Amino acid sequence: MRFGYLATGLCCLGLMFAEGTAGAAETDMNNETGLLCSVFVGKPTDHSVTMSVVNGEQPFEGQLCTREEGKATWACLPLSLGATSREKLKGGTKLVRVDGLKPGTQYRFEVRGKDGRPVPQGEGHFVTQRPARASFRFIAMTDAHVNPLNPERNIVLRTCADAAAALRPDFVFHMGDNIQTVASSHGGPATEEEHPSLFYLYWRQVLGKLQGEASNFVLNGNWEGENGWHPELNRKWAREARMLFAPAPDNKTYPQGGSSNEDYYAFAWGNALFVTLNATGYTVVNHEHTRGPGRGDDWTLGKEQYAWLEKTLKDSQAPWKFLFIHHAVGGNAGDDVNTRYGRGGGRAAHVGEQARIHEMMKKYGVQVFFYAHDHVFTDIEVDGIHYICNGSVGAPWKFGPEETGYEFSIPDSGFTVVDVDGDKMKIRYVRPDETNAEGKTLYTLDLSLR
């Protein structure tokens, strides 16, 4: 590929993986006429999915075909893609909705060229939204912090992503700080319009096959360039890139509704309710690390999102209820700087707006508050609610008790695996392991409905 700034990082990625266990990435990097990365599967409902397909440097004409797992008959849609170039990073990317599917059903898919053959990186599988009482597995991973200026982080994300794919989850939450819209600034806004597209494309390249081996739900962190204190034009650049390269549910995808900007949403899967939230996008006071005047108790979801959260929890009859957010809507960390930055998780359960959300969770029966941001794994139980920080899959900074205030934490890179089976649930923190495809479990929590 000849994408200048982008190519530098991708060449490094190819070299790093050429002799590793994560796959033949160098072959992927040199595929100028095929897809630039695996197909991204998102927005799974009981009858549809939406796929983000990224083409290479030559126009593409072919098909996107799906079939039920184990069946012989394929259903195909025509697929026409433009070319991706340095000048038009979005030019070869298209969102394709596949409809008319059956609920709770495994499907295979293939992107095929004119000759009818599958295109490299164009194959995968997914499962549609499962009905009540179905058992399932999902994974939460976070804080990859990938960008072309720090290719050393790629090996961590790809290794974790491949290990996660091997566990065959129904879906994966990517819980923020997946990219860095500004590689050298601490969570600042994108400085040029094409930068968010470049970084999301780069993240997709590094993420590998996981994005097409399960459905994916993306959350915003504080490095995606959409913070509430950023200029609106810069936020628009980042938002449009995210919605194209990493599509998430909007206010119409599920009955539970959400944001038209796909930055908060909720859905049911099996006998569980999943609610994703966005604090960084609706807090207008600057909370930039060490520089912003924001306090630990002035984070907010904003009035509209807060009211939507309360209604969503109140209306749900699901026995399991989970919240997902990049960090708590309040901070209480090991020092003042990190408190203002939103660190602390369960330590902040009674701080600012998080205190109101905590009471809401108690009232409506939320069992787990999944979050990120602190780059370590921890589990803090407050009033029967587990605040679980999901480690990191690339971030080089592993924060200790002096920054987080945590009495217990695991610094190893990894991800959280959750198995829901009726009235029982098992949560594991898993580190990839070369000797075991299932990974090495570093922490286990068993929960059951009371």
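Every residue gets a number counted from 1 within its own chain, in the order that chain's sequence is written. Two thresholds apply to this predicted model, a pLDDT of at least 70 for residue-level local features and 80 or more for giving and counting side-chain atom pairs, whereas whole-chain, interface and lining totals are computed over all residues. Derived side-chain values reflect all non-hydrogen atoms in the structure, with water molecules and hydrogen atoms excluded from consideration.

Engineer: Got a minute to help me understand helix α4 (residues 195-207) in this structure?
Structural biologist: Every α-helical turn comprises 3.6 residues, leaving residues that sit three or four positions apart pointing alike. Note on conventions: DSSP H or I runs of at least 4 residues are helices, E runs of at least 2 residues are strands, and numbering of each starts at the N terminus. What a helix is expected to span follows from its residue count: subtract one and scale by 1.5 Å. Taking 1.5 Å per residue as the helical rise, α4 with its 13 residues ought to reach 18 Å, and the 18 Å between its terminal C-alpha atoms agrees with that figure. Residue burial is assigned from relative accessible area. The probe radius is 1.4 Å, only protein chains are included, and a residue is buried under 20% of its type maximum, exposed over 50%, and partly exposed in between. Burial analysis of α4 places 13 of its 13 residues in the buried class, which makes it a mostly covered element. Phi turns positive, to about 70°, at Gly 208, one or two residues after α4.

Engineer: Just to check I follow, could you spell out the side chain of Asp 379 for this structure?
Structural biologist: Mapped onto the elements, Asp 379 comes out in strand β15 (residues 377-382). Given a relative accessible area of 14%, Asp 379 falls into the buried group. In protein, a polar contact requires one atom able to donate a hydrogen and another able to accept it; more generally it is a pair of N or O atoms within 3.5 Å, and residues adjacent in sequence count only if both atoms are side-chain atoms. Polar contacts involving the side chain of Asp 379 include one to the side chain of His 386, which spans 2.9 Å. In this structure the side chain of Asp 379 is engaged in a polar contact, spanning 2.7 Å, whose partner is the side chain of Tyr 443. We call two residues in contact when some of their heavy atoms are within 4.5 Å. In contact with Asp 379, other than residues within four places in its own chain, are His 386, Tyr 387, Ile 388, Phe 408, Tyr 443 and Leu 445.

Engineer: Which parts of the structure should I look at to understand the state of the cysteines?
Structural biologist: Among covalent bonds in proteins, the disulfide is the one between the sulfur atoms of two cysteines. Throughout, disulfides are identified as pairs of cysteine sulfur atoms within 2.5 Å of each other. Within the structure shown, the criterion is met by one disulfide. Linked covalently through their sulfurs, Cys 65 and Cys 76 form a disulfide whose S-S length is 2.1 Å. Here the S-S torsion is close to 110°, and the disulfide linking Cys 65 with Cys 76 is therefore right-handed. With Cys 65 in strand β3 (residues 60-68) and Cys 76 in strand β4 (residues 75-81), this residue pair connects regions lying eleven residues apart in the sequence. Judged by its relative accessible area of 0%, Cys 65 falls in the buried class. Unpaired in this structure, Cys 160 has its nearest cysteine sulfur neighbour in Cys 389, at a distance of 14 Å. Note on Cys 160: relative accessible area 2%, which makes it buried.

Engineer: Whenever I open this one, the packing of aromatic side chains confuses me. Can you help?
Structural biologist: When we look at a pair of aromatic rings, we describe it by the centre distance and by the angle of the planes. Whether two aromatic rings pair depends on their centres lying within 6.5 Å, for rings of Phe, Tyr and Trp, where Trp uses its six-membered ring; planes under 30 degrees apart make the pair stacked, over 60 edge-to-face, and the rest tilted. With the rule as written, the count across this model stands at 41 aromatic pairs. Considering the side-chain rings of Tyr 107 and Phe 126, the 5.6 Å spacing of their centres and the 20° angle between planes classify their relative orientation as stacked. Taken as a pair, Tyr 107 in strand β6 (residues 106-112) and Phe 126 in strand β7 (residues 118-127) lie far apart in primary sequence, 19 residues in all. Judged by its relative accessible area of 1%, Phe 126 is buried. Ring geometry for Phe 138 and Phe 171: centres 5.5 Å apart, planes at 5°, overall stacked. Here Phe 138, found in strand β8 (residues 136-141), pairs with Phe 171, found in strand β9 (residues 171-174); they are 33 residues apart in sequence, far enough to count as distant.

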